[in-house]
Amino acid sequence: MKKEGFHSEELKKLSGDMDQLERMLLEKGINKQTLDKMRSFNYELLKLEEANERQGDDEKRKANSNQKVFTIPDLKREEKYLKYLNTNDELIRQSLPLQPFYKEKVKEYFNKE
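Since we're looking at a predicted model, the values are computed, not measured.

Draft legend 1. Spotlight on the overall build of the chain. For the chain, the helix and strand inventory stands at 4 helices and 0 strands. From first element to last, N terminus to C terminus, the chain shows the α and β order α-α-α-α. The 113 residues of the chain split such that 10% are buried.

Draft legend 2. Region of the structure containing the packing of aromatic side chains. For the structure on display, the rule yields 2 aromatic pairs. Relative to Tyr-102, the ring of Phe-101 has its centre 5.2 Å away and its plane inclined at 75 degrees; by these criteria the two rings are edge-to-face. The exposure class of Phe-101 is exposed, given its relative accessible area of 51%. Where Tyr-109 meets Phe-110, the ring centres are 5.2 Å apart and the plane angle is 80 degrees; that geometry is what we call edge-to-face. The class for Phe-110 is exposed, based on a relative accessible area of 56%.

The rules behind these values
Residues numbered from 1 in each chain as written. Predicted model: local features only at pLDDT ≥ 70, side-chain atom pairs only at ≥ 80, totals over all residues. Heavy atoms only, no water. Helix = DSSP H or I, 4+ residues; strand = E, 2+ residues; numbered from the N terminus. Buried < 20%, exposed > 50% of the residue type's maximum accessible area, 1.4 Å probe, protein only. Phe/Tyr/Trp six-rings, centres within 6.5 Å; stacked < 30°, edge-to-face > 60°.

Taken by themselves, the reported measurements are silent on function.
See the structure below:
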């Protein structure tokens, strides 16, 4: 907005207000007065943005059709990921080898019944 000279007086005023708000926050912290100042500052910014949109200079309104580059997903990466998931499933399903002492305890426990 500054480079076009658009609303230069309002921008200078907002810049001064922003500096004043920053000083108030540093000196007094957050209180009702600083919150009111922040709300009014936000309101002024919204007014300038709306005025800018009415002038037709809004960047959001510019068309960027057919400038996107689309990529094909890497199938090898997906295969590696699926293979990794399968190995994790196999690890979960495998029983861990027990020491002989614990094997005997497990046999005793299940043979009691």
